[in-house]
Amino acid sequence: MADTARDPPPDRTDFHEVEDGEDLFLEPSAIQESEPASLSAVDISTNSNGPKQDSFFDDDNEDLFAEATEEVSLDSPERDVLLSDGPSPAITPITPPTSVIAPRIGNTHDDMFTHSSFDEVEEEDGGDSFDIHLSVSDPEKIGDGMNAYMAYKVTTKTSMSLFKQRDFSVKRRFSDFLGLHGKLASKYLHIGYIVPPAPEKSIVGMTKVKVGKEDQSSNDFVEKRRSALERYLMRTVKHPILLKDPDVLQFLESSELPRAVNTQALSSAGILRMVNKAADAVNKMTIKMNESDAWFEEKQQHFENLDVQLKKLHASVESLVCHRKELSVNTAQFAKSAAMLGNSEDHTALSRALSQLAEVEEKIDQLHQDQANADLYLFSELLGDYVRLISAVKGVFDQRMKTWQKWQDSQMLLQKKREAEAKLQFTNKPDKLQQAKDEIKEEIEEVGPAPPVCLCCPPDCLLHAFISLI
Amino acid sequence: MMQEEVNEATSVLSIYGHTIKVTEVLQDGDTLTFIIVSQKLSGTGEYHVDRTYEDFEWLQQHLYAQEDVPGLQGVIFPPLPVRPQVNASAKVMKQLGFLGLGEWQPYCKALETFLRQVAAHSILRKNKAVEVFLTSTDPPGRQKLRRNIFNRLSQAVEGLRKEGHKDVDEFFHTERDHNLVLTGHTRTAAEKFLDVVLTEQKIAVACGHFAAALHICVENGEDPEKKAFSRVCVKLSQVFDSIKKNMTSIAVNDMNTLGLALDLGSRYLEAEKEMLFRRTCKLVELENARKNAERAKPVKKNAMEEVKKAAEGEFEQICKVAKQEIVQLNQERVEMLQKNLIQWCEQQLQTAKEGADAYNQHLQAFIAMA
């Protein structure tokens with residue numbers, strides 16, 4: 001489902017080939033062949049041969065401009081994988097230290113503007129196709145009372161060389177999945193990748209499970225969650241770049257994972273997240289971006305429409321599923337009452353007929369139940385996933401807007417400083433003049449002369465990522 | 001004027017009872033008017049009359065008040081449905097049950113059944129009120145009659161005391177117990193079945209919404225993916241329209257056959273219960289009369305004996321009529337349930353076959369598209 005409306009420049013064809021599931025896989029190091037454009041926080045300053053160890057990502061985009069000292073052409077190359085250790089808000093970084101990545105960055109600097117990465121990847125790789133089989137199974141309740149939680153077994157079967165074994169499984173709990181998502185989001189979201197959204201927390205659902213209610217609704221809840229987690233993981237690994245992320249690999253492979261405490265709703269990080277969300281919502285209303293790229297405008301409109309449509313569909317399917325379940329319950333009750341009626345009838349033939357009616361109705365009840373489940377898993381959950389995916393896509397668009405805003409602000413600041421400098425030149429205050437000149441230099445370093453690359457984020461990259469999620 | 005005539009004489013019904021039809025219902029604001037058609041015995045045509053619920057009540061009152069009919073209290077009176085209400089409250093809807101569904105079609109059917117049962121009853125059909133009701137162009141008088149023995153209020157008050165009164169007759173003793181159990185179960189079955197039908201209707205509506213929502217997703221455009229997606233949406237929308245149609249049929253079948261049967265069954269059992277209660281009241285009255293006659297002082301003795309004899313005679317009459325009525329009711333009830341169960345199965349089978357065909361076609365179309 002690539003967007004054929006936009007003519008891809010020739011050097012993008014590699015990317016499409018990759019889509020066919022071909023070899024993306026080398027040792028993670030090889031992937032560093034091509035440099036992300038200069039705006040990544042992992043420094044690619046022309047002057048250094050290695051990353052600045054201390055330039056980490058954080059959610060604040062200001063650092064995007066930290067190292068942008070060189071020209072970036074507007075048809076910027078693919079944004080390649082970013083194996084940085086972005087400080088995941090969740091836990092202390094476990095990702096391999098940058099020193100592992102460092103030596104290669106300098107080498108491939110020249111290749112920054114081409115797509116050599118994928119070329120080389122294809123050549124060097126031994127033909128590792130996308131072959132990975134994930135399943136989330138065996139929900140098991142561990143612990144008791146309010147500290148109880150469900151542990152899920154995550155089994156991976158793969159022949160890819162990316163992994164150490166072919167067949168392995170680990171135990172993970174829900175907050176581990178959320179933690180993984182948090183880390184991926186912090187690393188990739190603001191360079192324009194769409195990170196698949198994790199299933200939602202549900203305090204009501206979990207409390208029922210914790211309390212130990214062994215009834216149908218909590219079983220349904222656990223089953224829904226298990227299925228959602230499986231889909232989430234599959235989507236994450238289908239994304240060629242996310243698959244290579246060390247956090248993802250660690251999640252799938254390592255037997256012990258430090259607890260992601262910051263995913264708890266009531267933790268300080270959770271509250272911070274809520275505050276940020278509110279702030280973002282306000283900002284969204286105030287930022288008015290001049291859309292210069294028609295492609296983005298069209299796509300944004302397209303996604304808005306799709307969002308509305310999918311939400312409607314989802315709502316009607318949910319009500320359908322709900323009614324079917326109700327029908328199943330009512331049919332069962334009618335079956336019981338027919339049986340009782342049959343028992344109290346004197347006339348033998350009628351009595352027998354009514355009893356048989358009761359049996360048939362019980363079977364019908366089971367059928368309705370099955371149909372409701374089918375509707376649920378085939379339509380409702382899938383639609384729900386897509387609705388969430390679209391909000392992830394919208395999130396990326398929003399990031400883009402935020403970046404634009406920051407860029408505008410920086411430019412204005414730069415302007416002001418220049419004016420101040422000009423004024424000072426007139427009034428001839430040498431020391432202040434020098435200070436102003438210094439400030440301007442800093443500012444230029446921050447802003448860079450050109451719009452940030454993420455604004456022109458290769459549309460194919462975006463779409464490809466989205467497609468692989470489906 | 002008409003009322004005196006009715007009370008004096010009985011008459012012969014001039015129409016074929018089984019041809020009575022309630023053909024339509026007209027709504028004018030909050031009042032519902034029913035059109036009733038029946039074929040003349042003479043073969044010269046039909047009677048068309050329009051009646052409101054008050055007219056039906058008038059008829060019922062007259063049936064209760066028929067005088068000089070021995071053992072009238074032993075009759076199981078055909079049950080009249082509850083008063084219909086336009087834009088009914090939830091409570092009234094619950095009372096109406098199946099009869100409140102649709103655009104009053106089940107209700108008309110119930111009224112029709114009532115009239116046919118009345119016209120077929122050997123004692124009741126002779127009441128002139130029936131003839132007047134079915135044939136007179138002017139609506140019968142709509143005033144309330146004087147209080148009669150069937151006043152429900154007094155029944156309710158005495159009911160708690162007398163319902164448990166021990167019976168003298170084995171047959172009636174068994175019948176009373178049986179009736180109690182059966183009435184409860186039939187009413188429950190009718191209620192549960194109503195729940196099923198209502199949910200089926202809700203599903204039909206939800207399918208309709210989903211089909212409509214899918215249509216919104218259809219987009220024009222040259223993009224091949226968009227076209228493919230739109231095509232899928234249109235096809236899926238058709239599938240859900242089929243599901244909606246199928247579900248609606250299922251609900252209608254349920255309503256018209258088993259639903260109405262369970263409803264009628266439970267109302268008739270209630271009518272039987274009321275008759276049994278009247279008989280029990282008479283029994284109590286008789287036992288009191290006997291006691292009074294025994295204890296009476298010589299002065300009053302003769303009078304008391306007369307009262308006792310009258311009570312005995314009445315009671316005997318009631319028991320005779322009641323036995324006949326009970327036997328007939330049980331027979332008819334079983335027949336009605338059997339007939340409706342068979343019809344229900346046949347209709348549902350037909351609907352299921354049609355549904356399966358439609359779904360098969362859709363499945364083939366989807367496979368071809370893939």
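Throughout, residues of each chain are indexed from 1 in the direction in which the sequence is written. The naming scheme follows written order: chains are lettered A onward, ligands numbered 1 onward. Predicted model: local features are reported for residues with pLDDT of at least 70 only, side-chain atom pairs are reported and counted for 80 or more only, and whole-chain, interface and lining totals are derived from all residues. The basis for the side-chain values is all heavy atoms of the structure; hydrogens and waters are excluded.

The name that an unreviewed UniProt entry assigns to chain B is PX domain-containing protein, with the source organism given as Characodon lateralis. UniProt positions are given in the numbering used here, feature names are shortened, and annotations may be inferred rather than shown by experiment. Under the heading Sequence similarities (unreviewed entry), UniProt records this for chain B: "Belongs to the sorting nexin family."

Per an unreviewed UniProt entry, chain A goes by Sorting nexin-2 and derives from Characodon lateralis. Recorded in UniProt under Sequence similarities (unreviewed entry), the annotation for chain A is "Belongs to the sorting nexin family."

Next up on the list: the interface of chain A and chain B. Tallying the contact residues gives 31 residues for chain A and 38 residues for chain B. Simply put, the buried area is the total loss of 1.4 Å probe accessible area from both parts when two parts are fitted together. Surface buried jointly by chain A and chain B totals about 3,100 Å² across both partners, of which 73% is contributed by carbon and sulfur atoms. Among the residues chain A hides against chain B, the three largest losses belong to Gln309(A), Phe334(A) and Leu341(A). Together they make up 17% of the total. Every case where a carboxyl oxygen of Asp or Glu lies within 4 Å of a side-chain nitrogen of Lys or Arg is listed as a salt bridge. Counting the contacts that link chain A with chain B gives 2 salt bridges. Polar contact is defined as a pair of N or O atoms within 3.5 Å, subject to the rule that within protein one atom must be able to donate a hydrogen and the other to accept it, and that residues adjacent in sequence are counted only when both atoms are side-chain atoms. Our count for the chain A to chain B interface comes out at 7 residue pairs in polar contact (both at pLDDT 80 or more). Only DSSP runs of H or I covering at least 4 residues are called helices, and only runs of E covering at least 2 are called strands; the numbering of each starts at the N terminus. When residues of the side of chain A that touches chain B are traced back to their parent elements, those giving at least two are α10 (294-344) and α11 (348-427) of chain A. Classifying every residue of the side of chain A that touches chain B gives 14 nonpolar, 11 polar and 6 charged. In what follows, a contact means two residues having at least one pair of non-hydrogen atoms within 4.5 Å. Residues were grouped as follows: Ala, Val, Leu, Ile, Met, Phe, Trp, Tyr, Cys and Pro as nonpolar; Asp, Glu, Lys and Arg as charged; and all remaining residues, including Gly, as polar.

So, about the confidence of the model for chain A. A low pLDDT score tells you not to read the predicted coordinates there in detail. All names here are of chain A. The predictor attaches a confidence to each residue, called pLDDT, with possible values from 0 through 100. Model confidence for chain A is summarised by a mean pLDDT of 66, while 59% of its residues fall at 70 or above. Predicted confidence in chain A is weakest over helix α2 (residues 98-107), with a mean pLDDT of 33, and strongest over α10, with 88. Contacts from residues 1-127, a stretch scored under 50 in pLDDT, to residues over four places away or in other chains number 235 contacts. Within the model, pLDDT remains below 50 along residues 456-460, and this stretch shows 16 contacts once partners closer than five positions in the same chain are excluded.

So, about the nonpolar core. What makes a nonpolar core is a set of buried Ala, Val, Leu, Ile, Met, Phe, Trp, Tyr and Cys residues whose side-chain atoms join them at distances within 4.5 Å. Relative accessibility decides the category of a residue: with a 1.4 Å probe and only protein chains considered, values under 20% of the type maximum give buried, values over 50% give exposed, and everything between is partly exposed. Leu310(A), Leu313(A), Leu357(A), Phe193(B), Phe240(B), Leu258(B) and Leu262(B) are the most contacted members of the largest nonpolar core, which has 79 residues in total. Where this core is concerned, the elements lending two or more residues are α10 and α11 of chain A together with α7 (170-216), α8 (224-295) and α9 (298-369) of chain B. When residues in this core are grouped by element, the largest group, 20 residues, is from α8(B). With residues up to four places along the chain from it excluded, the contact list for Leu313(A) reads Leu383(A), Phe210(B), Ala213(B), Leu214(B) and Cys217(B).

Residue and element names in this part refer to chain A. Paired strands, in this sense, are two strands between which DSSP finds at least two bridges. Strand order in the open sheet formed by 3 strands is β1-β2-β3, with antiparallel pairing between adjacent strands. With one partner strand each, in any of the chains shown, β1 (132-142) and β3 (167-173) form the two edges of the open sheet. Neighbour to neighbour, the strand axes of the sheet diverge by 20 degrees on average, direction disregarded. Bridging between β1 and strand β2 (residues 149-158) involves 9 bridges; their strand directions are antiparallel. Only the stretch in contact is used when fitting a helix axis, every axis being a line fitted to C-alpha atoms; angles between N-to-C directions are given from 0 to 180 degrees.

With that out of the way, let us pick up a nonpolar patch on the surface. Residues and elements named next belong to chain A. Among the surface-exposed residues, Ile-271, Met-274 and Val-275 lie close enough to one another that they form a single nonpolar patch of about 290 Å² accessible area. Structurally, the position occupied by Ile-271 is in helix α9 (residues 268-286). On the basis of relative accessible area, Ile-271 is assigned to the partly exposed category, the value being 43%. Each patch is assembled from residues with relative accessible area greater than 30% and no salt bridge, linking like charges that lie within 9 Å and nonpolar side chains (Val, Leu, Ile, Met, Phe, Trp, Tyr) that lie within 5 Å. Every accessible area reported is derived by Shrake-Rupley at a probe size of 1.4 Å, with residue values counting cover from the shown protein chains alone.

A word on the pattern of salt bridges. Residues and elements named next belong to chain A. Using the criterion set out here, one finds 30 salt bridges over all chains in the structure. A salt bridge links Glu-140 to Lys-171, with the nearest nitrogen and oxygen atoms 2.9 Å apart. Of the two residues, Glu-140 is situated in strand β1 and Lys-171 in strand β3; the sequence distance between them amounts to 31 residues. A salt bridge links Asp-245 to Lys-187; the nearest nitrogen and oxygen atoms lie 2.9 Å apart. With Asp-245 in the loop between α7 (240-243) and α8 (246-253) and Lys-187 in helix α4 (residues 174-188), this pair connects stretches of sequence that are 58 residues apart. Classification of Lys-187 by relative accessible area gives buried; the value is 1%. Linked by salt bridges that have partners in common, Arg-231, Arg-235, Glu-381, Asp-385 and Arg-388 make up one network.

With that out of the way, let us pick up the environment of Glu305(B). With respect to the helices and strands, Glu305(B) occurs in helix α9. Considered as a pair, Glu305(B) and Arg290(B) are 15 residues apart in the sequence and their alpha carbons are 7.9 Å apart.

All right, on to α11(A) then. Helix span, expected: 1.5 Å multiplied by one less than the number of residues in the helix. Look at α11(A): 115 Å from first C-alpha to last across 80 residues, which is about the 118 Å you get at 1.5 Å a residue. At Leu376(A), α11(A) shows its strongest bend, of approximately 35 degrees. By definition, a residue's bend is the angle between the axes fitted to the seven residues ending there and the seven starting there.

On to the packing of α10(A) against α11(A). Residues and elements named next belong to chain A. Across the interface, α10 lies against α11 with an axial gap of 7 Å and an inter-helix angle of 165 degrees. Judged by the angle between their axes, α10 and α11 are roughly antiparallel. Remark: the crossing between α10 and α11 carries left-handed chirality. Here the residues of the contact of α10 with α11 are counted per class, giving 28 nonpolar, 13 polar and 13 charged. Throughout, the term roughly parallel applies to angles under 35 degrees, roughly antiparallel to angles over 145, roughly perpendicular to angles from 65 to 115, and oblique to all others. Helix crossings are classified by the rotation of the near helix relative to the far one: an anticlockwise turn of less than a right angle makes the crossing left-handed, while a clockwise turn makes it right-handed.

Here a Phe, Tyr or Trp ring, Trp counted by its six-membered ring, pairs with any other such ring whose centre lies within 6.5 Å, and the pair is stacked when the planes are under 30 degrees apart, edge-to-face when over 60, and tilted otherwise. For the coordinates displayed, the defined rule picks out 14 aromatic pairs over all chains. Seen in terms of ring centroids, Phe56(B) and Phe133(B) are 4.9 Å apart; in terms of plane orientation they differ by 65 degrees. Their pairing is edge-to-face. With Phe56(B) in helix α2 (residues 53-64) and Phe133(B) in helix α5 (residues 128-135), this pair connects stretches of sequence that are 77 residues apart. This pair shows no difference in class: Phe56(B) is buried, exactly as Phe133(B) is. Ring pairs connect the aromatic residues Phe34(B), Phe56(B), Trp104(B), Tyr107(B), Phe114(B) and Phe133(B), which therefore count as one cluster. In this structure, Arg172(A) packs its charged tip against the face of Phe251(A), placed 5.2 Å from the ring centre. Either the NZ atom of lysine or the CZ atom of arginine qualifies as a charge over a ring when it sits within 6 Å of the ring centre and within 35 degrees of the ring normal.

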